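Now for the letters of each chain:
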Amino acid sequence: MKNKFFILLAKIKRHRVISIFLTIYAFLIIGEKIALSQENEESPDKLSLSMNLSTRLTNNIRSIKIEVSRKENEKFVSVDNLKSPFNLYLNEVKKYDPIEGTGWLGNLILNKKGEGVFRLTSNFNDLTANMHEYTFIVKMDSDPIYEDVEDQITVSVAKLKLDYLGDDSIKTATATLLAYNEDELIPVTDIEVKLYIKRTFNFLPFGEEGLSTDENGEVSAELPLDIPGNQNGTITIAAKLEDDDSYGTIEVIKVVPWSVLPFVNAKRERTLWSSGDNAPLPLVIASVTIIAFIWGTIFYLVYLLFKIKKLSRIP
Amino acid sequence: MEELGRPNNEKEAIQMLHRYNMDLLPQKFGIAGKIWVMLLLLIIGVGLYYYIQQLRYGLSVTGLSDTVSWGIYISNFVFFVAVSLVGSLITAVLHLLNISWRAPLTRISEIIAVACIVFAGIIIIVDMGRPDRLLNMFIHGRIQSPIVWDVIVVMTYMTISLLLLYFPLLPGIAFCRDRLKNIPKWQHKMYIMLSFGWQNKPEQYNVVKKAVTIMSILIIPVALSIHTVTSWLFETTYRPGWDSTNFGAYFVAGAFMVGAAAVIAGMYILRRFYDRFDEYITDKHFDRMGRLLVLLSFIYLYFTVNEYFIPGYKMKGEEGEHLRALFTGHYAPMFWMVQIFGMIIPIIVLLFQRGRKPLPIFIMAVFVIIGAWFKRYLIVIPTMLHPFLPLEQVPESAKHYAPTFAEWSITGASLAGALLIITIFVRYFPIISIWELAEERAIPHETIYKHLNKSDEK
Amino acid sequence: MSKKGDNKEKPEGDNSGRRDFLKFGFLAAGITAVGPLQKVFSEDKDSVTTDNAEKVKVLTTDGKLVEVDSSYLKDNSCCHVSNDEARNGIPGKKYVMVIDLSRCKNALKCQDACQEYHLLPEQNKWLKVFKMQDSPAASPYWMPKPCLHCDEPPCVKVCPVDATFKRTDGLVLIDNERCIGCRFCMAACPYSTRTFNFDEPQMPDNAKDMAYSLETSLPRKKGTVEKCDFCPDMLRQEKLPHCVTACPNGVYYFGDANEDSVTNGDETVRLSQLLKEKAGYRYLESLGTKPSVYYLPAVNRLFPFEAGLENYKEDTHNH
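J.: It is not clear to me how the overall build of chain B should be interpreted in this structure. Could you clarify?
T.: Along its length, chain B carries 18 helices and one strand. Split into buried and exposed, the 458 residues of chain B put 62% on the buried side. When contacts within chain B are restricted to residue pairs at least 6 apart in sequence, those whose partners lie at least 24 apart make up 81%. Of the roughly 18100 Å² of accessible surface on chain B, a fraction of 67% belongs to carbon and sulfur atoms.

J.: What should I look at first to understand the sheet that holds strand 13 (residues 293-296) of chain C in this one?
T.: Each strand in a sheet pairs with another by means of backbone hydrogen bonds, the pair being arranged parallel or else antiparallel. All names here are of chain C. Pairing in this open sheet of five strands is mixed, and the strands run 12-11-10-3-13 from one edge to the other. Two strands lie at the open edges of the sheet, namely strand 12 (268-270) and strand 13, each paired on one side alone. Averaged over all neighbouring strand pairs, the angle between strand axes comes to 25°, with direction disregarded. Summarising the sheet, strand 3 (residues 95-100) and strand 13 pair through four bridges and their orientation is parallel. Each bridged residue has a counterpart across the sheet, and for I99 the counterpart in strand 13 is Y295.

J.: How should the interface of chain A and chain B be read in this particular structure?
T.: Interface extent is often summarised as the accessible area lost during association of the parts. Contact with chain A, which involves 30 residues of that partner, is made by 29 residues of chain B. Note on chain A versus chain B: buried area summed over both sides is about 2300 Å², and carbon and sulfur give 78% of it.

J.: Sorry, what's going on with the pairing of strand 10 (residues 171-181) of chain A here?
T.: On a regular strand, one side chain projects to one face of the sheet and the next to the other, so that they alternate. Residue and element names in this part refer to chain A. Within strand 10, eight of the eleven residues are buried, which leaves the element mostly enclosed by the surrounding structure. Note: strand 9 (residues 158-166) against strand 10, nine bridges, orientation antiparallel. The residue bridging A158 from the neighbouring strand is A179, located in strand 10. Between strand 9 and strand 10, which pair antiparallel in sequence order, lie four residues.

J.: How do you make sense of the state of the cysteines when you look at a structure like this?
T.: Joining two cysteines, a disulfide is a covalent bond between their sulfur atoms. One pass over the full model with this rule turns up zero disulfides over all chains. Cysteine C114 of chain C is unpaired, with the sulfur of C228 of chain C as its nearest cysteine sulfur at 6.5 Å.

J.: Teacher, can you tell me more about unusual backbone geometry here?
T.: With the exception of glycine, the majority of residues adopt a negative phi angle, and the majority of peptide bonds are in the trans configuration. Residue and element names in this part refer to chain C. The omega torsion across L218 and P219 is -10°, close enough to zero to call that bond cis. Structurally, the position occupied by P219 is in the loop between helix 7 (205-208) and strand 9 (225-226). For S192, which is not glycine, the phi torsion reads 50° and is therefore positive. S192 sits in the partly exposed class, given a relative accessible area of 29%. The backbone of C231 sits at a positive phi, close to 50°, despite the residue not being glycine. In this fold, C231 is placed in the loop between strand 9 and helix 8 (232-236). C231 gets classed as buried once you look at its relative accessible area, which sits at 4%.

J.: Sorry if this is basic, but what is going on with the packing of aromatic side chains here?
T.: Any aromatic ring pair is given by two values, namely how distant the centres are and how the planes are angled relative to each other. Under the definition given, this model contains 50 aromatic pairs over all chains. When the ring of Y50 of chain B is compared with that of F405 of chain B, the centres are 5.4 Å apart and the planes differ by 80°; the resulting orientation is edge-to-face. Taken as a pair, Y50 of chain B in helix 2 (residues 31-57) and F405 of chain B in helix 15 (residues 405-428) lie far apart in primary sequence, 355 residues in all. Relative accessible area serves as the criterion here: at 23%, Y50 of chain B is assigned to the partly exposed category. Note on Y308 of chain B and F335 of chain B: the rings are 5.2 Å apart at their centroids and 70° apart in plane angle, and the pair reads as edge-to-face. Separated by 27 residues along the polypeptide, Y308 of chain B in helix 11 (residues 283-314) and F335 of chain B in helix 13 (residues 332-351) bring together distant segments of the chain. Classification of Y308 of chain B by relative accessible area gives buried; the value is 5%. Among the residues examined, F335 of chain B registers a relative accessible area of 0% and is labelled buried. Of note, K171 of chain A hangs over the ring of W258 of chain A, and the distance from its end group to the ring centre comes to 5.4 Å. A cation over an aromatic ring shows up here: K198 of chain A above the ring of F203 of chain A, its NZ or CZ 5.2 Å from the ring centre.

J.: What am I meant to see in the environment of E116 of chain C here?
T.: All names here are of chain C. Along the chain, E116 turns up in helix 4 (residues 109-117). Look at E116 and you get exposed, because its relative accessible area is 63%. Between the C-alpha atoms of E116 and H242, which are 126 residues apart in sequence, the distance is 9.5 Å.

J.: Is there a simple way to explain the packing of helix 11 of chain B against helix 13 of chain B in this structure?
T.: Relative orientation and spacing of two packed helices are given, respectively, by the angle between their axes and the distance between those axes. Residue and element names in this part refer to chain B. Their axes nearest at 9 Å, the elements helix 11 and helix 13 cross at an angle of 145°. Of the two elements, helix 11 crosses helix 13, and the hand of that crossing is left-handed. Touching G290, L293, V294, S297, F298, Y300, L301, T304, Y308 and F309 of helix 11 are F335, W336, Q339, M343, I344, I347, L350 and L351, all from helix 13. Among the residues making up the contact of helix 11 with helix 13, the classes are represented as 14 nonpolar, four polar and no charged.

J.: What exactly am I supposed to notice about a positive patch on the surface here?
T.: A contiguous patch of positive charge, built from K307, K309, K310 and R313 of chain A together with K210 of chain B, is present on the exposed surface. Per-element accounting of the positive patch gives the leading share, four residues, to helix 4 (residues 281-313) of chain A. Turning to its location among the elements, R313 of chain A is positioned in helix 4. Of the residues examined, R313 of chain A reaches a relative accessible area of 59% and is grouped as exposed.

J.: Where do I start with the interface of chain B and chain C in this structure?
T.: Taken together, the contacts link 44 residues of chain B with 55 residues of chain C. When chain B packs against chain C, the two sides together hide about 4100 Å² of surface, and 53% of this comes from carbon and sulfur. Area buried by chain B at its contact with chain C is led by Y238, L389 and Q393 of chain B, which between them contribute 21% of it. Taken together, chain B and chain C are joined by two salt bridges. A salt bridge links R183 of chain C to D127 of chain B, with the nearest nitrogen and oxygen atoms 2.7 Å apart. The interface formed by chain B and chain C contains 29 residue pairs in polar contact (both at pLDDT 80 or more).

J.: So what exactly am I meant to see when it comes to the environment of C247 of chain C here?
T.: Here C247 of chain C lies in the loop between helix 9 (242-246) and strand 10 (252-256). Expressed as a C-alpha distance, the spacing of C247 of chain C and A107 of chain C, which sit 140 residues apart in the sequence, is 8.0 Å.

J.: So what exactly am I meant to see when it comes to helix 3 (residues 72-84) of chain B here?
T.: Given 3.6 residues per turn, any residue in an α-helix points the same way as the ones three and four places further on. The end-to-end C-alpha separation of helix 3 of chain B is 18 Å, in line with the 18 Å expected for 13 residues at 1.5 Å each. Within helix 3 of chain B, 13 of the 13 residues are buried, leaving the element largely enclosed by the surrounding structure.

J.: Is there a simple way to explain the nonpolar core in this structure?
T.: Generally speaking, soluble globular proteins have nonpolar side chains that are buried together. In terms of nonpolar packing, the biggest core is built from 178 residues, with Y20, F167, F234 and M289 of chain B touching the most fellow members. Contacts of F234 of chain B, omitting those with residues within four sequence positions, involve W70, I74, V78, W242, F247, F251 and V380 of chain B. With 52 residues, the next largest nonpolar core counts F388 of chain B together with M97, C150 and Y252 of chain C among its residues.

J.: For this particular structure, what's the right way to read the sheet that holds strand 8 (residues 149-156) of chain A?
T.: Residues and elements named next belong to chain A. Strand order in this open sheet of four strands is 5-4-7-8, and the pairing throughout is antiparallel. Lying at the two open borders of the sheet, with one neighbouring strand each, are strand 5 (103-108) and strand 8. Along the sheet, successive strands turn relative to each other by an average axial angle of 20°, direction set aside. Here strand 4 (residues 86-90) pairs with strand 5 via five bridges, running antiparallel. Each residue of the ladder has a partner; that of F86, found in strand 5, is L108.

Definitions and limits used
- Residues numbered from 1 in each chain as written.
- Chains lettered and ligands numbered in written order.
- Predicted model: local features only at pLDDT ≥ 70, side-chain atom pairs only at ≥ 80, totals over all residues.
- Heavy atoms only, no water.
- Helix = DSSP H or I, 4+ residues; strand = E, 2+ residues; numbered from the N terminus.
- Buried < 20%, exposed > 50% of the residue type's maximum accessible area, 1.4 Å probe, protein only.
- Contact = heavy atoms within 4.5 Å.
- Areas by Shrake-Rupley, 256 points an atom, 1.4 Å probe, with all protein chains shown as cover.
- Pairing = 2+ DSSP bridges.
- Axes fitted to C-alpha atoms, helices over the stretch in contact; angles between N-to-C directions.
- Buried area = accessible area lost by both parts, 1.4 Å probe.
- Disulfide = S-S within 2.5 Å.
- Phe/Tyr/Trp six-rings, centres within 6.5 Å; stacked < 30°, edge-to-face > 60°.
- Lys NZ or Arg CZ within 6 Å of the ring centre and 35° of its normal.
- Left-handed = near helix turned anticlockwise from the far one by under 90°.
- Nonpolar A, V, L, I, M, F, W, Y, C, P; charged D, E, K, R; others polar.
- Patch = residues over 30% accessible without salt bridge, like charges linked within 9 Å, V, L, I, M, F, W, Y side chains within 5 Å.
- Salt bridge = Lys/Arg side-chain N within 4 Å of Asp/Glu carboxyl O.
- Lys, Arg positive; Asp, Glu negative; His and termini not counted.
- Charge placed at Lys NZ, Arg CZ, Asp CG, Glu CD.
- Polar contact = N/O pair within 3.5 Å; in protein donor to acceptor, adjacent residues only side chain to side chain.
- Expected span 1.5 Å × (residues − 1).
- Core = buried A, V, L, I, M, F, W, Y, C linked by side-chain atoms within 4.5 Å.

Below is the structure:
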């Protein structure tokens, strides 16, 4: 029971995101947990889990990521064989209520690494337009192997905009961060927003390091002019507010025109390390000539052999 | 050869020819011959057994590792290719130079060449991890790969060597067909089939002579390329010890030397086991071959100095480590034994006239052959043990190379197989070309044509 | 979890999505509505999602949907290509790796991940960390060495049957169904990269029965050569090779030279700048093989050399 409490405390600490809302309810939950763990004492085989939640708003699509791990000998180990679904609720653990827009949203089974992502549809934002703050609750219960686990995360709604202005000599990207104050969107100042160029495996930062939003909620930087873009004459840029305590992660990804094309090396050249049908021509010509000459002579010799046979028939 | 004399008149010529006919017909083996064949078959049998094991369990039956990925199969391959070069040396070079004492030696060298090149081809298949995919070589062959060059050149050389053996053999086969009595039916049929309708006609002889001349020219570049391309299998890599511009010429020189030694050994053995062969393979032949061997050994010595001692002057990086292993390190005993017994001692002995007598020259030839085999071991293996990166995080077994019994027996079987081909050939075909010998001894052509003809006997 | 059972019994509406998702077999989800079914993502069709994953739509009893990110649901089935196609390489890419020697402490996590992912036994290692010392007075350092995927690869030059080949994206791969086991490539490679399956490779049973894929190099085949392949199956999913993600110290940077950018997972930098600023070099440049792997010298190290000694073994176990 003491353990449970500490885990919960740890959770709260880990998600500094969690609002006062959670703190108020914390003791109630502890009560519940105590009850749960008392049950568990009857079946001591069940293993305890710890859960980590994070939210991300990508181009206005919100997703909630679950990562579950288990502590074994002071080390976090991956959780496999977790076949029970994890349920996602909005604000309250109850059946979905279309009028209030709260309740059970869906569930999923975690992958082998103990991770899962809920991606809310775009109309989620419309449906919850009147809410400026969400509390997502994720709950898993009735697993034969693991103890029940529940966690929640609260995020405030914010908007991130990304504008691009480009001419031949200077290309600038500007990100603007706005958040609700009452029912009005106002600039958020002094928060670090980073600007990136999307690359195959990751985002390449550009501009000064550690830029924070100014009084207009803006951050802006020049793009490096020599960086290669995509094949089709565009480049993908992004602005990100990362792991913010109140807003979670917010990112905007945008495709803009770009003139520096990447070097494409798709040409199949005739080299010594090419495939057989793409051998260097001098090599092919030389070898074919030599082989043809020598084997031509060999065939002539075989012809001579048959000439000998033919000669035997002449009296 | 002068001591045998030349015929003064036709009668003498016919007598000489008849004597050749009697002496040089293939003979049945005595006890020694049979034991020899049984011994070879036994070695081959053991080798076959281990090859089947290798097919089943893969190359794990060998001592090979990721470090030493080429072992004695490859060094044995190089050895075979080297020895097979002798066919071109004796037949083609001596023919084109019109050396007057070559006739009794040509066929010995040609059959050695054929047997060795056949087993060079076989041993390279033995070395493959996936012999079942051999056909990929033809389906997906890449002309950029030295292995493809090697396959082409080995097949070409094998074909030319076979033809070079076969053309001058035609009168001999016909001779066996017509003269050998009391032989099994299959043997007679074989002679009929292989004699290809040979009738001892002057026109046929002319065709043969024409073909031999063409082949003598053709085989020289092919023979040089077969061993040069084999050296390129190593030279096209970056490895210290193989990364040498000297390699092609060095390999060819070494091949000529061991090839000449192989012919000398063959000559000696034939003379030992066939009573009247000393009349045909004379001391003078040994003397001449001895001089040739000395010359070739000197050439090889020259290349050896260039190949080892000049890089040894610099001792450059990894190359230096490799050379140190040869000069003073792990491989020093083998390296110096090979240089001393495989080259220096033969040169010294053969410089003296007395050293060129049949027995000493035979012993020297055997030294050279054994030395040559281990020389190829030294070319392949120590280099593989000196890669650029340290030999770390490999199993202990990958830091050394010791051929397993399976490898030795398969390698032994390939050598025995080559010897068996030669032995079988000697058993069924005249090992000295009678008509060429007769020509060399100035027996008139008409006499040859007439008296080698079966109608003459009846 | 009655919902789960119920929903599974009675799929409705267009259930192609459901089939899609059932295919993966381990997700059985009942999802209630968040709102009426509408066209999704129409407003930002051109945008790129962060993880570039396809989305799986999970249909529910009443035809509403929530999405579950498919990259968390499934294995590599999205990006499988035929072996013929795999010979060409991923269009427009030119993969490079930069190994920062100043950060390596021979933790061998890269090697563990590689061994695990490629189902390699103890004695066969595609990725090694060498203890290097350039001259007696200089301090030793740890040098991880995958296949260097040379642009002018000596191993490919000598292959007689096109079994090992160079792709347009820079990768040097091996077709283990074509390799004849001549081991010429092993002799030709100056970097001791290639290993050979002397006997039937040890693999889990289920791996043995898979269809052979050029991009996973699995199942491994007896009598053929193999080596580090830069995990092309991961690259096709735009994911980093396993050694890169496994490294705890960010030693490995990986990326696309055509995009002039490499990342070690945490940090993404411009390739050209990184090589310029940290004096990048290629191992044995003088051989002219033009490797795709660069090294950053072991200066200003993150760890003392000795930190790596505990993992250092000169030998591995014998066969």
